[in-house]
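Tertiary structure, described
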Amino acid sequence: MTVENISGYKLLLNIYLMDEGRYFLAFVSFVGCNLILAVAAGSLCAFIAPAAAGSGIPEVKAYLNGIDAYSILAPSTLFVKIFGSILGVSAGFTMGKEGPMVHTGACIANFLGQGGSRKYHLTWKWLRFFKNDRDRRDLITCGAAAGVAAAFRAPVGGVLFALEEAASWWRSALLWRTFFTTAVVAFVLKAFVQLCSTGNCGLFGEGGLIMYDVSSAGATYGSGDILAAIFLGVIGGLFGSMYNYLIDKVLRVYSMINERGAVYRVLLVICISLLTSVCAFGLSWTVSCVPCPTESSKDCPTQTGNYLSFQCPSGSYNDLATLFLNTNDDAIRNLFSTNTTREFRISTLFIFFGAIYFLGIVTYGIAVPSGLFIPVILAGACYGRLVGRLFEPISDLDTGLYALLGAASFLGGTMRMTVSLCVILLELTNDLLLLPLMMLVLLVSKTVADIFNKGVYDQIVKLKGLPYLEAHAEPYMRQLVALDVVSGPLITFSGIEKVRNILDALKYTGHNGFPVIDEPPFVDSSELFGVVLRSHLLVLLKGKNFSSEQVISGQDILRKYAALDFAKPGSGKGIKLEDLDINEDEMEMYIDLHPITNASPYTVVETMSLAKAAILFRQLGLRHMCVVPKSQGRPPIVGILTRHDLMPEHVLGLYPHLKPHK
């Protein structure tokens, strides 16, 4: 609603000045308005929450894989994500709000899951139920599904997106929870749509639950259309893989600029804003006017929507301005519009495709919350219409439906999703009859694109250096065993350990888990008791329940703590090493670690195939996996496998002669 109103009033000012014949002033106002909005969005992102830049889907995907990167779901990121995406999309950038909506949903879920925020004095004790990893992860999965459902008004598509793309671990209980979440989203959206239909949402922003309705066109198709769909799939796969390759290169350049500081990030935003505005206005000015169609049921020329007049006299319209000088949603509606085969000239579609393809690549990666869905849909719809015109002699399908299939092919080629994209597009456009062709296009485009590179979100996750665990083990891992990759030296604690030893281990290592070994005289021979977490050690040390001798304190020690003291802390809330105040005398005392140690850790024998260990590690959602010796008479543990030990970079660094899988 906000985007529609800001963009709407900005374009109305432009139209007014064009009608008055003040063309240069119209250009200056268009560029100036876009620049002000872009600087506001870029400043929010650069100075308050740099983690809010980009789509956010790769970060959510990484979190649900077990990577809790710094501030990706913090309240400040949520604030910037909401207002930054509103300002960024209103500024006319070639980007969408759909990706940021997914990140926004995940941030809201995290905010609720950690019981609010102490920093901003917003806390709720009744939400402490979610203070553990599994429930927090499930809640954030529901948040991501809600974001998709809200952005595309596709509740079932939201569930499938969470299942296919976002979540790494899926449980049957999660299916109905995400479905319930997206159902609530659908009801709330419907309520707002009804409210806005009465004119309470400003001059613009009425919308509807079906965003791009194409159901009025007949979806009868024959063998010629199936050939066209396969052709579209191949084109989508080729363009999509090229798009991903170029985005990867651009992001590497932008990361070097963004690392230089917040001012450079804002300057980059300004440059891209000026480039986008000059392209939109300048290219629209260069094309000639087109006479209004006599058989069209729609008004021509108009100030908004189809058949935009721009600088054209009465009775004609500017087809390129109809695409450029509209909101992105309206541009998609124009490309998807049915019974308008000749609305856009072939040259116009080529120019718009080239511009959007280029601008979509250079815009992603600047310090503005930006989604990839909209530029990809726009570019795909362009070449979809072109293919529709090419196959017109042997085709029964409307050109608008070809635009939809083109958008599907480009989405499949860049994002490599199939089921969720298919359902999202069908819910977006209300055309179930197109389902077989849509499935064919998505399958062909994904298959073709997979030959060249990975999906765009997988590439971004890798580029950001996030240690993402794939669902399958790399083939070369079959040649290694678990012991081959464990990092050393191994730091262990005794069941009753000296405080100084614990503090030194916490201070000089970054490990988050430590094996606890029971030794004589408490047991007959050394044995692995379990694994203790760094966060739990800090809680225990802060309580100062020390003893001057090595004695087992038992479970009595836990009565001095509440269960929530050991719960998963929210972002930035956990106890830090600097918070401890332990004097020299206390350093020489002992503390019993048995009550807070996980006595049933997952273990694998040292000779287990690394491929099997990697699959087990991911499927169980582990953080630490103990590697135990195969023979007697050796220490009870030989190492700990962590996520980093299973990364291809680590394994191939140790064994460079192994060949990575292409």
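Residues numbered from 1 in each chain as written. Predicted model: local features only at pLDDT ≥ 70, side-chain atom pairs only at ≥ 80, totals over all residues. Heavy atoms only, no water.

Naming follows an unreviewed UniProt entry, where the protein chain appears as Chloride channel protein of Punica granatum. Taken from UniProt, the Sequence similarities (unreviewed entry) comment for the protein chain reads in full: "Belongs to the chloride channel (TC 2.A.49) family." (UniProt positions renumbered as here; feature names shortened; annotations may be inferred.)

What to know about the state of the cysteines
According to the stated counting rule, one finds one disulfide in the structure shown. Disulfide partner of Cys289: Cys312, at an S-S distance of 2.1 Å. Between Cys289 and Cys312 the disulfide shows an S-S torsion of about -95°. By sign, it is left-handed. Remark: Cys312 occurs in the loop between β3 (290-291) and β4 (316-317) and Cys289 occurs in the loop between α10 (262-286) and β3; sequence separation between them is 23 residues. Using a relative accessible area of 29% as the deciding quantity, one classes Cys289 as partly exposed. A residue is classified by how much of its surface remains accessible, and Cys312, at 10% relative accessible area, is buried. With no disulfide of its own, Cys33 lies closest to Cys279 among cysteine sulfurs, the gap being 18 Å. Among the residues examined, Cys33 registers a relative accessible area of 25% and is labelled partly exposed. (Disulfide = S-S within 2.5 Å. Helix = DSSP H or I, 4+ residues; strand = E, 2+ residues; numbered from the N terminus. Buried < 20%, exposed > 50% of the residue type's maximum accessible area, 1.4 Å probe, protein only.)

Some remarks on the nonpolar core
Residues Phe93, Leu335, Phe336, Phe352 and Phe373 are the most contacted members of the largest nonpolar core, which totals 123 residues. Leave out the neighbours within four places in its chain, and Phe336 touches Tyr212, Val214, Ile377, Ala381, Arg385, Gly400, Ala403, Leu404, Ala407 and Thr429. Counting residues in hydrophobic clusters, the runner-up holds 24 residues, among them Ile502, Leu503, Leu537 and Leu541. (Core = buried A, V, L, I, M, F, W, Y, C linked by side-chain atoms within 4.5 Å. Contact = heavy atoms within 4.5 Å.)

So, the domain arrangement of the protein chain
Domains assigned within the protein chain are domain 1 (1-464), domain 2 (472-486 + 606-661) and domain 3 (493-596). The C-alpha centroid of domain 2 is placed 41 Å from the C-alpha centroid of domain 1. Every contact between the two is made by six residues of domain 1 and, on the other side, six residues of domain 2. Each partner contributes to the roughly 460 Å² buried at the junction of domain 1 and domain 2, and carbon and sulfur atoms together form 35% of this total. It is Asn65, Ser168 and Trp169 that lose the most area in domain 1 upon contact with domain 2, and together they represent 72% of the buried surface on that side. Inspection of the region where domain 1 meets domain 2 yields zero salt bridges. Inspection of the region where domain 1 meets domain 2 yields three residue pairs in polar contact (both at pLDDT 80 or more). (Domains from an automatic or database assignment. Buried area = accessible area lost by both parts, 1.4 Å probe. Salt bridge = Lys/Arg side-chain N within 4 Å of Asp/Glu carboxyl O. Polar contact = N/O pair within 3.5 Å; in protein donor to acceptor, adjacent residues only side chain to side chain.)

Examining the sheet that holds strand β12 (residues 639-641)
The three strands are arranged β10-β11-β12 in an open sheet whose pairing can be described as mixed. Pairing within the sheet leaves two strands with one partner each, and these edge strands are β10 (603-605) and β12. Here the strands of the sheet are splayed against their neighbours by 35° on average, with no regard to which way each runs. The pairing of β10 with strand β11 (residues 625-628) spans three bridges and is parallel. Counted as the bridge partner of Val605 is Val628 from β11. (Pairing = 2+ DSSP bridges. Axes fitted to C-alpha atoms, helices over the stretch in contact; angles between N-to-C directions.)

A word on the packing of aromatic side chains
This model, assessed by the stated rule, comprises 19 aromatic pairs. On the numbers, 5.0 Å between centres and 75° between planes, the contact of Phe324 with Phe352 is edge-to-face. On the criterion of sequence distance, the pair formed by Phe324 in helix α11 (residues 319-324) and Phe352 in helix α13 (residues 346-363) is long-range, its members being 28 residues apart. For the pair formed by Phe324 and Phe352, the shared burial category is buried. (Phe/Tyr/Trp six-rings, centres within 6.5 Å; stacked < 30°, edge-to-face > 60°.)

Considerations on the sheet that holds strand β5 (residues 493-494)
Strands in a sheet are paired, the pairing made by backbone hydrogen bonds, and the direction either parallel or antiparallel. Spatially, three strands are ordered β5-β7-β8 in an open sheet, and the strand pairing comes out mixed. The open sheet is flanked by β5 and β8 (527-533), the only strands paired with a single partner. Two strands pair when backbone bridges link them, and strand β7 (residues 513-518) and β8 are joined in this way by six bridges, in the antiparallel orientation. Along β8, the bridge assignment pairs Ile517 with Leu528.

Some words on the UniProt feature "domain: CBS" (unreviewed entry) in the protein chain
The UniProt entry lists residues 596-660 under the feature "domain: CBS" (unreviewed entry), expressed in the numbering used here. Span residues 596-660 is 26% helix and 15% strand, its end C-alpha atoms 41 Å apart.

Section: the pattern of salt bridges
Counted by the stated rule, this structure contains 18 salt bridges. Close ionic contact of Glu588 with Lys498 constitutes a salt bridge, the shortest N to O distance being 3.4 Å. Of this pair, Glu588 sits in the loop between α21 (584-587) and β9 (590-592) while Lys498 sits in strand β6 (residues 496-498), placing them 90 residues apart in sequence. On the accessibility criterion, Lys498 (23% relative accessible area) is partly exposed. Of the charged contacts, one joins Glu606 and Arg634 as a salt bridge, the two residues approaching to 2.6 Å between their closest N and O atoms. Linking Glu606 in the loop between β10 and α22 (610-619) with Arg634 in the loop between β11 and β12, this pair joins segments that are 28 residues apart in sequence. Owing to a relative accessible area of 6%, Glu606 belongs among the buried residues under this scheme. When salt bridges that share partners are traced, they join Lys498, Arg500, Glu584 and Glu588 into one network.

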